[in-house]
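An overview of the molecular structure
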Amino acid sequence: MTKKIQAIRGMHDCLPSDTSIYQYIETTLKKIFISYGFSEIRLPIVEKTNLFKHAIGNMTDVVEKEMYTFCDRHGESITLRPEGTAGCVRAGIENGFLYNNQEQRLWYSGPMFRYERPQHGRYRQFHQIGAEVFGFLGPDIDADLIIMTFRFWKLLGISKHIHLELNSIGSIESRKNYCRMLTVLFEKNIQALDIDCKRRMYSNPMRILDSKNPSVQALFHKIPPIKEYIDEESRIHFKELCRLLDISCIPYHINQRLVRGLDYYNRTVFEWVTKDLGSQGTICSGGRYDDLVKFLGGKSTNAVGFAIGLERLVLLIKAIQPKEIDTDQNIDLYLISSGTGTEDIMLLLSETLRNQLPEFTIIKNYGGGSFKKQLARANKYKARLALILGEDEISHNQCIIKNLCKGMQQKVSLTHAPFVLRELLKLLKHK
Ligand code: HAM
């Protein structure tokens, strides 16, 4: 017997029961992006490995351990994208839409790949919807992005289950000073560090602040907060961002330990986190990356963005089932016919109904069967209404419309059937 071939660990099928939630999220977010003046950009899933190494940083977890990297047939190293920002900046430079700090508001969505240890909310193939804004230095755009994400949560009915963690990590220069101080401090307390932290102590000491190891965490009270190290301009930028969030009534928590795992950030960093999903509770994260465009070979261009992990968002929505999300997959109308000549007429009628009622889901019975059997199938589909055609109805140019929720039925002329169906379905769907 052939061995069953299964999906790759950490990569999942998205089944129809979930796709309706994904589609709802995508449609809702897309509308909001448009209303804030964003345009969609579609980017390749595979890029040259060096792009991610340069953009994300050689010493980050993503580049060190998590990338799906292969050689193509010519021996060139290519990587399945672990995130969207690097590709977006590459596209901007290559296509010339990021020059002289040009303003751009872009959004994208699609699969990302990271070779992480899979667990609830953490996958090797996952999906992000992200946004990147270029050409603005001021904190007003950071605030605007955060306000827009808050609007997402409100429309998805999850705003009470998600909170904002915010920090400023200052300029690249002030971060370097902070890192130097951290290295010295960790050298003095080396006995408390595990192997991973010892490795990061010189290459990326800020990542140690994310450690979950209790003996490492015990050192944290000795570490001065990054705000004592950030430069004056970044401090003013952050203060103004906080003021803008205050007047917009967006609650936030300043988390001095929030440093983010990708190297390109400076100044603002933020994460929207939920407590309802256990350890993988970060639903959306982002920040400023004012040096990346230049670093990747473009002209100096201010930039800020975020990405939402769609799987986590769907898990949260499924956990709290907000009333705002209609995941109803009911069929609106099931078409039933029995008797000589009725099936041919039903075939033609089904197309007429689809022309006239394009907003409703209509399924025609296949495989014949008694009225009783066909009605049982309609109920299995959880259809709202059934339209029934027998020889008697055809001879009078009529059909029966049956309300499957309430059991009531009425005879109507075939000419009036579409109008009656529309009115009934409108009532049933908006109940
Ligand atoms: P990130 O924090 O690496 O940032 O990922 C963004 C979001 O993707 C996370 O908050 C999380 O919801 C989701 N995510 C990340 N890894 C996984 C995983 N293995 N399984 C499921 N979900 C995951 C970025 O990717 C940046 N490019 C965001 C950004 C855009 N910053 C500026 N612009």
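Residues numbered from 1 in each chain as written. Predicted model: local features only at pLDDT ≥ 70, side-chain atom pairs only at ≥ 80, totals over all residues. Heavy atoms only, no water.

- The chain goes by Histidine--tRNA ligase in an unreviewed UniProt entry, where it is assigned to Candidatus Erwinia haradaeae.
- Turning to the chain, the UniProt record has this under Sequence similarities (unreviewed entry): "Belongs to the class-II aminoacyl-tRNA synthetase family." (UniProt positions renumbered as here; feature names shortened; annotations may be inferred.)

1. Here we look at the overall build of the chain
- Scanning the chain from N- to C-terminus turns up 15 helices and 16 strands.
- For 431 residues, the compact-globule estimate of 2.2 N^0.38 gives 22 Å, and the C-alpha radius of gyration of the chain, at 28 Å, exceeds that figure by more than 25%.
- Dimensions of the chain, computed from C-alpha atoms along their principal axes, come out at roughly 95 × 60 × 45 Å.
- Within the span of the chain, comprising 431 residues, buried residues form 52% of the whole.
- Counting contacts in the chain only where the partners sit at least 6 residues apart, residues at least 24 apart contribute 70% of the total.
- Counting every atom, the chain has about 22000 Å² of accessible surface; 53% of that belongs to carbon and sulfur.
- Of the charged side chains in the chain, 59 are positive and 48 negative; the average position of the first set lies 4 Å away from that of the second. (Helix = DSSP H or I, 4+ residues; strand = E, 2+ residues; numbered from the N terminus. Rg over C-alpha atoms; globule rule 2.2 N^0.38 Å. Buried < 20%, exposed > 50% of the residue type's maximum accessible area, 1.4 Å probe, protein only. Contact = heavy atoms within 4.5 Å. Areas by Shrake-Rupley, 256 points an atom, 1.4 Å probe, with all protein chains shown as cover. Lys, Arg positive; Asp, Glu negative; His and termini not counted. Charge placed at Lys NZ, Arg CZ, Asp CG, Glu CD.)

2. Digging into the environment of Cys197
- Within the element layout of this structure, Cys197 appears in helix 7 (residues 195–203).
- Residues Cys197 and Ala55, 142 residues apart in the sequence, show an inter-C-alpha distance of 22 Å.
- Ignoring sequence-local partners within four residues, the contact set of Cys197 consists of Ile208, Ser211 and Val216.

3. Some remarks on the packing of helix 2 (residues 49–56) against helix 4 (residues 85–94)
- Two numbers describe how helix 2 lies on helix 4: the axes approach to 9 Å, and their chain directions differ by 105°. Compared by their axis directions, helix 2 and helix 4 come out roughly perpendicular. Counted together, Leu51, Phe52 and Ala55 of helix 2 and Ala86, Gly87 and Arg90 of helix 4 form the full contact between these two elements.
- Partitioned by chemical class, the residues of the contact of helix 2 with helix 4 number four nonpolar, one polar and one charged. (Axes fitted to C-alpha atoms, helices over the stretch in contact; angles between N-to-C directions. Parallel < 35°, antiparallel > 145°, perpendicular 65-115°, else oblique. Nonpolar A, V, L, I, M, F, W, Y, C, P; charged D, E, K, R; others polar.)

4. Section: empty space enclosed by the protein
- Following the criterion strictly, the structure yields one cavity of 30 Å³ or more and no others.
- There is about 30 Å³ of room inside the largest cavity.
- Looking at the largest cavity, the residues that line it are Leu43, Pro44, Glu47, Phe52, Arg81, Glu83, Gly84 and Gly87.
- Residue classes in the lining of the largest cavity are distributed as three nonpolar, two polar and three charged. (1 Å grid on protein atoms, 1.4 Å probe; cavity = no way out; pocket = protein on both sides within 12 Å on 5 of 7 lines; lining within 4 Å. Points joined across faces, edges and corners; volume = space filled by probe spheres on them.)

5. Looking at the nonpolar core
- With 99 residues, the main nonpolar core has Phe33, Trp153, Trp272, Phe306 and Leu313 as its most contacted residues.
- Looking at this core, the element that brings in the most residues is helix 5 (residues 139–156), giving nine residues.
- Counting 19 residues, the second-largest nonpolar core is a separate cluster that includes Met346, Leu353, Leu385 and Ile401. (Core = buried A, V, L, I, M, F, W, Y, C linked by side-chain atoms within 4.5 Å.)

6. Re the domain arrangement of the chain
- Looking at the assigned domains, one finds that the chain contains domain 1 (16–171 + 230–323) and domain 2 (333–429).
- The distance between the C-alpha centroids of domain 1 and domain 2 comes to 48 Å. (Domains from an automatic or database assignment.)

7. Let's talk about the UniProt feature "binding site: L-histidine" (unreviewed entry) in the chain
- Under the present numbering, the feature "binding site: L-histidine" (unreviewed entry) in UniProt falls on Glu83, Gly84, Thr85, Arg114, Gln128, Glu132, Arg260, Tyr264 and Tyr265. Lining the largest cavity, out of the annotated residues just given, are Glu83 and Gly84.
- Structurally, Gly84 is set in the loop between strand 4 (77–80) and helix 4.
- Assessed through its relative accessible area of 4%, Gly84 is described here as buried.

8. Quick notes on the site of the ligand
- Taken together, 26 residues surround the ligand, and among them Glu83, Glu116, Glu132, Tyr265 and Ser285 come closest.
- Within the side chain of Arg260, one N or O atom sits 2.9 Å away from an oxygen atom of the ligand.
- Here Thr282 contributes a backbone N or O atom positioned 2.8 Å from an oxygen atom of the ligand.
- Protein contacts shield 96% of the accessible area of the ligand, which totals 660 Å² for the unbound molecule.
- Within the residue set of the shell around the ligand, elements represented by two or more residues are strand 6 (125–134), strand 10 (282–288) and strand 11 (303–309). (Near = heavy atom within 4 Å. Polar contact = N/O pair within 3.5 Å; in protein donor to acceptor, adjacent residues only side chain to side chain.)

9. Here's the deal with the UniProt feature "domain: Aminoacyl-transfer RNA synthetases class-II family profile" (unreviewed entry) in the chain
- With numbering matched to this structure, UniProt assigns "domain: Aminoacyl-transfer RNA synthetases class-II family profile" (unreviewed entry) to residues 1–317.
- Taken end to end, residues 1–317 has its terminal C-alpha atoms 41 Å apart, with 38% of it in helix and 20% in strand.

10. Some details on the packing of aromatic side chains
- Taken as a whole, this structure holds 14 aromatic pairs when the rule is applied.
- Ring pairs connect the aromatic residues Phe33, Phe38, Trp107, Phe150, Phe152, Trp153, Trp272 and Phe306, which therefore count as one cluster.
- Across the ring face of Tyr115, the terminal group of Arg124 is positioned such that the distance to the ring centre comes to 3.8 Å. (Phe/Tyr/Trp six-rings, centres within 6.5 Å; stacked < 30°, edge-to-face > 60°. Lys NZ or Arg CZ within 6 Å of the ring centre and 35° of its normal.)

11. A look at the pairing of strand 12 (residues 333–337)
- Counting buried positions over the five residues of strand 12 gives five, a clear majority of the element.
- Burial along strand 12 is two-sided: Leu333, Leu335 and Ser337 facing one way and Tyr334 and Ile336 facing the other are all buried.
- Pairing of strand 12 with strand 14 (residues 385–389) involves five bridges; the strand directions are parallel. Counterpart to Ile336 in the pairing with strand 14 is Ile388. (Pairing = 2+ DSSP bridges.)

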